[in-house]
Amino acid sequence: MRLPERERSRAVLIGTSQYVDGKLTQLPAVRQNLHDLTAVLTDPVYGIFSPEHCLTLADEGDVRRLGSQLREAASEAEDLLFVYYAGHGLVGSRRHELYLALPDSEWDAPEFNSLEYDKLRGAILDSPARNRVVILDCCFSGRAIGDLMADPSTAVLGQLDVNGSYILTSAQGNEVALKLPGEKHTAFSGRLIKLLREGVSNGPELLTIDFLYQRLRLTMQAEKLSVPSRRAIQSAGLIALAPNRAASQQPDTARPPEPVRTTGLRWDVGRSHRGNDEGVYVTFEARHRTYWVLTFLMTLLGLLMVLLAFTPDLSVLARIAFGVGATFSLLLTLGFAQMARAPIRLEVGAQGVQLFARSGTTWIPWSVISAIDIEQVNGNPHVVVWLEEADIFPDFDTFGGGARFIPKQGAIALCPINVLRAGRHEIAKALRTYGGQQVKKKNA
């Protein structure tokens, strides 16, 4: 894994911010995207392209002239060809073709005055470049999408494949908020530029396109934004787009060290405030509605048992049994109600993992974790953590939902994942992104 060679690489940045058709909203943030992304990519120290080899086409309406300049840049690229587009994405009404909107494009008929993606793809395919990266910051919008028999996002993404390349798209939906209030860039490009410009604390030395995708996916998912998609062909995910600026910086000595407890722990396991820096973590919240449903069902069951316990026709032993069952149901009802009112929340970030539970907060920095994985505990999948001081955690925590010690494994069952509003693979991706090599099963 290395950085591309400047003199043998080419970049083409295309953006459309102004549209004649009133059905297409104006996107002034696109111009800021082009300006700042060009500055990052051609930075004299951290950039991977020479300024003369980075072509920026803003509001270019002539498809022939745009195509000519694109083909010329593509033919000159030998190491990396980087193509970026920001603007409106339109979909043809008959074969689901993807079109990249230009200033004169029409919402109703994109076929005649837009850049057909298949032509862009052809120019990229003809390039002698060893590596190719295509980034599309646009939505696949179009009037005909609601009438498609097939999934429109799948139909469009199938056109994006370019052999030996990496294609990164900002979204798949047909209605996407390209810009958030108060931000000068579009949502996707702004976060991409920030990663390239500032780097990632505790990240790798080189920011590969796949690492950037993983970070963007987690960040935008946490912010409830449209989640980006990718198509990686062969080993294209290892293409490096920039050195990690944060990795080359000296540690911040002004930041206070982790507090040390008198028990000898190297960290404050119960810190009540967040351990991860702002913007470098992803949150997984519990399905609190499930607990409310369980509370309701246990309440009904408890009431039924109370009625049976006072039924005179039953034997004494049966009435006692129903009374005990009613008491047990009441305890479960109270427990589920507590979990519903204060559900657990798992956070995975650059500095560590943190669980916010009713019984307390558990903070475990990466510096003390020897391994972390998703494993079965009593038949349910849990985030399991191995560390030296694992035995300080309680053995049982029914209604608090907090971390507990597993003697047989010498580890901590930090959090059950079946109660979280996320799939196992999403949590695994977050652990891999932030935990790196620590995300593996502990050796026997």
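Please read these numbers as outputs of a predicted model, since none were measured by experiment.

Draft legend 1. Main features of empty space enclosed by the protein. In total, this model carries 1 cavity of 30 Å³ or more according to the counting rule given. Taken as a whole, the largest cavity encloses approximately 40 Å³ of empty space. Around the largest cavity, the lining residues are Arg 217, Leu 218, Gln 221, Glu 426 and Lys 429. Elements with a minimum of two residues in the lining of the largest cavity: helix 6 (209-222) and helix 9 (424-435). Ranked by residues supplied to the lining of the largest cavity, first place goes to helix 6 with 3 residues.

Draft legend 2. Quick look at the packing of aromatic side chains. Summed over all chains, the structure comprises 1 aromatic pair. Between Phe 49 and Phe 82, the aromatic rings sit 6.0 Å apart at their centres with planes inclined by 55°, giving tilted as the arrangement. Here the residue Phe 49 occupies a position in the loop between helix 1 (29-41) and strand 2 (54-58), and Phe 82 occupies one in strand 3 (residues 80-86), the gap between them amounting to 33 residues. Against the face of Phe 356 rests Arg 345, its NZ or CZ located 4.3 Å from the ring centre.

Draft legend 3. Region of interest: helix 5 (residues 187-198). Along its 12 residues, helix 5 runs 17 Å from first to last C-alpha, staying within 8% of the 16 Å computed at 1.5 Å per residue. Taken together, the buried positions of helix 5 are occupied by Ala 187, Phe 188, Ser 189, Gly 190, Arg 191, Leu 192, Ile 193, Leu 195 and Leu 196. Gly 199 sits one or two positions beyond helix 5 and adopts a positive phi of about 80°.

Draft legend 4. Representation of unusual backbone geometry. Located in the positive-phi region is Asp 59, a residue other than glycine, with phi close to 55°. As for its placement among the helices and strands, Asp 59 is situated in the loop between strand 2 and helix 2 (63-76). Relative accessible area serves as the criterion here: at 17%, Asp 59 is assigned to the buried category. Of note, the phi angle at Lys 224 is positive, near 60°, even though the residue is not glycine. Position of Lys 224 among the secondary structure elements: in the loop between helix 6 and strand 11 (229-232). Look at Lys 224 and you get exposed, because its relative accessible area is 72%.

Draft legend 5. Representation of helix 2. Between the first and last C-alpha of helix 2 there are 20 Å, a value that for 14 residues agrees with the 20 Å anticipated at 1.5 Å per step. Turning to helix 2, the residues buried within the fold contact strand 1 (10-15), strand 2, strand 3, strand 6 (115-116) and helix 3 (117-125).

Draft legend 6. Structural context of the sheet that holds strand 19 (residues 404-406). The sheet built from 4 strands is open, its strands ordered 17-18-20-19 with antiparallel pairing. One side of each edge strand has no neighbouring strand; the edge strands of this open sheet are strand 17 (371-377) and strand 19. Between one strand axis and the next, the sheet turns through 40° on average, direction left out of account. Relative to strand 20 (residues 411-416), strand 18 (residues 380-386) runs antiparallel, the two sharing 4 bridges. The partner of Val 384 across the bridge, within strand 20, is Ala 413. The sheet contacts of helix 9 involve strand 17 and strand 18, and relative to strand 17 the element is tilted by about 160°.

Draft legend 7. Fine view of the pattern of salt bridges. For the structure on display, the rule yields 14 salt bridges. Glu 76 is paired through a salt bridge with Arg 10; the nearest N and O atoms lie 3.1 Å apart. Remark: Arg 10 occurs in strand 1 and Glu 76 occurs in helix 2; sequence separation between them is 66 residues. Classification of Glu 76 by relative accessible area gives partly exposed; the value is 35%. Three or more residues joined by partner-sharing salt bridges are found here, namely Glu 5, Arg 8 and Glu 78.

Draft legend 8. Region of the structure containing the nonpolar core. Leu 13, Phe 82, Ile 135 and Leu 241 are the most contacted members of the largest nonpolar core, which totals 66 residues. With 7 residues, strand 3 is the single largest residue contributor to this core. Listed in part, the 41 residues of the second largest apolar core include Leu 218, Val 368, Val 385 and Ala 422.

Draft legend 9. A look at a nonpolar patch on the surface. A grouping of Val 293, Phe 296, Leu 297, Leu 300 and Leu 303 is seen on the molecular surface, where their side chains present a nonpolar patch of about 490 Å² in accessible area. Structurally, Leu 300 can be placed in helix 7 (residues 288-309).

Draft legend 10. Up close: the sheet that holds strand 13 (residues 281-285). Taken in spatial order, the 4 strands of this open sheet run 13-14-15-16, and their pairing is antiparallel. If you trace the sheet from one side to the other, it starts and ends with strand 13 and strand 16 (360-365), each paired once. Between one strand and the next, the sheet's axes are offset by a mean angle of 10°, whatever the strand orientation. The sheet contact formed by strand 13 and strand 14 (residues 345-349) spans 5 bridges and is antiparallel. The partner of Tyr 281 across the bridge, within strand 14, is Gly 349. Contacting strand 13, strand 14 and strand 15 (352-357), helix 9 crosses the sheet at an angle of about 155° to strand 13.

The rules we used
Residues numbered from 1 in each chain as written. Predicted model: local features only at pLDDT ≥ 70, side-chain atom pairs only at ≥ 80, totals over all residues. Heavy atoms only, no water. 1 Å grid on protein atoms, 1.4 Å probe; cavity = no way out; pocket = protein on both sides within 12 Å on 5 of 7 lines; lining within 4 Å. Points joined across faces, edges and corners; volume = space filled by probe spheres on them. Helix = DSSP H or I, 4+ residues; strand = E, 2+ residues; numbered from the N terminus. Phe/Tyr/Trp six-rings, centres within 6.5 Å; stacked < 30°, edge-to-face > 60°. Lys NZ or Arg CZ within 6 Å of the ring centre and 35° of its normal. Expected span 1.5 Å × (residues − 1). Buried < 20%, exposed > 50% of the residue type's maximum accessible area, 1.4 Å probe, protein only. Contact = heavy atoms within 4.5 Å. Pairing = 2+ DSSP bridges. Axes fitted to C-alpha atoms, helices over the stretch in contact; angles between N-to-C directions. Salt bridge = Lys/Arg side-chain N within 4 Å of Asp/Glu carboxyl O. Core = buried A, V, L, I, M, F, W, Y, C linked by side-chain atoms within 4.5 Å. Patch = residues over 30% accessible without salt bridge, like charges linked within 9 Å, V, L, I, M, F, W, Y side chains within 5 Å. Areas by Shrake-Rupley, 256 points an atom, 1.4 Å probe, with all protein chains shown as cover.

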